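Analysis of the macromolecular model
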Amino acid sequence: MRNKEKDAAQIAANKQRILEEGFRLFAQRGIESVTMPQIAQVGGVDRSSVYRYYPTKLDLVVAISANVWQKFSQESYAWLAIGCQHRIIFFFLGVYYSC
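Throughout what follows, the structure given in this document is the object of discussion. (Residues numbered from 1 in each chain as written. Predicted model: local features only at pLDDT ≥ 70, side-chain atom pairs only at ≥ 80, totals over all residues. Heavy atoms only, no water.)

**Looking at the nonpolar core**
- One finds Ile-18, Leu-19, Phe-26, Ile-39, Val-50, Tyr-54 and Leu-60 to be the most contacted residues of the largest nonpolar core, which totals 16 residues.
- The contacts of Leu-19, once residues within four sequence positions are left out, are Tyr-54, Leu-60, Ala-63, Ile-64 and Asn-67. (Core = buried A, V, L, I, M, F, W, Y, C linked by side-chain atoms within 4.5 Å. Buried < 20%, exposed > 50% of the residue type's maximum accessible area, 1.4 Å probe, protein only. Contact = heavy atoms within 4.5 Å.)

**A word on the pattern of salt bridges**
- Counted by the stated rule, this structure contains one salt bridge.
- In this structure, Arg-24 and Glu-21 form a salt bridge, with 2.8 Å as the shortest nitrogen-oxygen distance. Pair noted here: Arg-24 and Glu-21 are both in helix α1 (residues 3-29), with a separation of three residues, about one helical turn.
- By relative accessible area, which is 33% here, Arg-24 ends up partly exposed.
- Given the relative accessible area of 18%, Glu-21 is considered buried. (Salt bridge = Lys/Arg side-chain N within 4 Å of Asp/Glu carboxyl O. Helix = DSSP H or I, 4+ residues; strand = E, 2+ residues; numbered from the N terminus.)

**Observations concerning the packing of aromatic side chains**
- Applying the stated criterion to the full structure yields one aromatic pair.
- Where Tyr-53 meets Tyr-54, the ring centres are 6.4 Å apart and the plane angle is 75°; that geometry is what we call edge-to-face. Of the two residues examined, Tyr-53 and Tyr-54, each falls in the buried class.
- Directly above the ring of Tyr-53 sits Arg-52, whose terminal nitrogen or CZ lies 5.8 Å from the centroid. (Phe/Tyr/Trp six-rings, centres within 6.5 Å; stacked < 30°, edge-to-face > 60°. Lys NZ or Arg CZ within 6 Å of the ring centre and 35° of its normal.)

**Quick look at helix α2 (residues 36-43)**
- Among the residues of α2, those classed as buried are Met-36, Ile-39, Ala-40 and Gly-43. Buried residues along α2 cover an arc of 100° about the axis, so they all sit on one side.
- Backbone geometry just downstream of α2 places Gly-44 in the positive-phi region, at approximately 70°. (Arc of directions from axis to C-beta.)

**A closer look at α1**
- With 27 residues, α1 extends 38 Å from end C-alpha to end C-alpha; this agrees with the ideal 39 Å at 1.5 Å per step.
- Gly-30, located one to two residues past α1, shows a positive phi value of around 95°. (Expected span 1.5 Å × (residues − 1).)

**Some words on the packing of α1 against α2**
- Running from N to C, α1 and α2 cross one another at 120°; their axes reach a closest spacing of 9 Å. Classed by the angle they form, the pair α1 and α2 counts as oblique. Here α1 runs over α2; the crossing is right-handed. The segment α1 lies against α2, with Arg-17, Ile-18, Glu-21, Gly-22, Arg-24, Leu-25, Phe-26 and Arg-29 engaging Gln-38, Ile-39, Val-42 and Gly-43.
- Grouping the amino acids of the contact of α1 with α2 by side-chain chemistry returns five nonpolar, three polar and four charged. (Axes fitted to C-alpha atoms, helices over the stretch in contact; angles between N-to-C directions. Parallel < 35°, antiparallel > 145°, perpendicular 65-115°, else oblique. Left-handed = near helix turned anticlockwise from the far one by under 90°. Nonpolar A, V, L, I, M, F, W, Y, C, P; charged D, E, K, R; others polar.)

Printed below as a string of structure tokens:
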């Protein structure tokens, strides 16, 4: 793998770890209680990487929301294809009642 390809793969992996760990920490502790350096530490990435990809916590929250929505959309199509529409309704009810 060439250096540029290796760098691109590393960047993508770092961004994904930041999104996953950010989501997990926000869900556990609440958005206000979590700091960007905590996300970097738990995700095993450099603090500067978090700020390079997501300059503010709001940018990270928006990216996490978009990531979650994309995954949900993909799963929804699969659920519809196999006749499990009720899972979509239960998902929205769960989100509604947890707010």
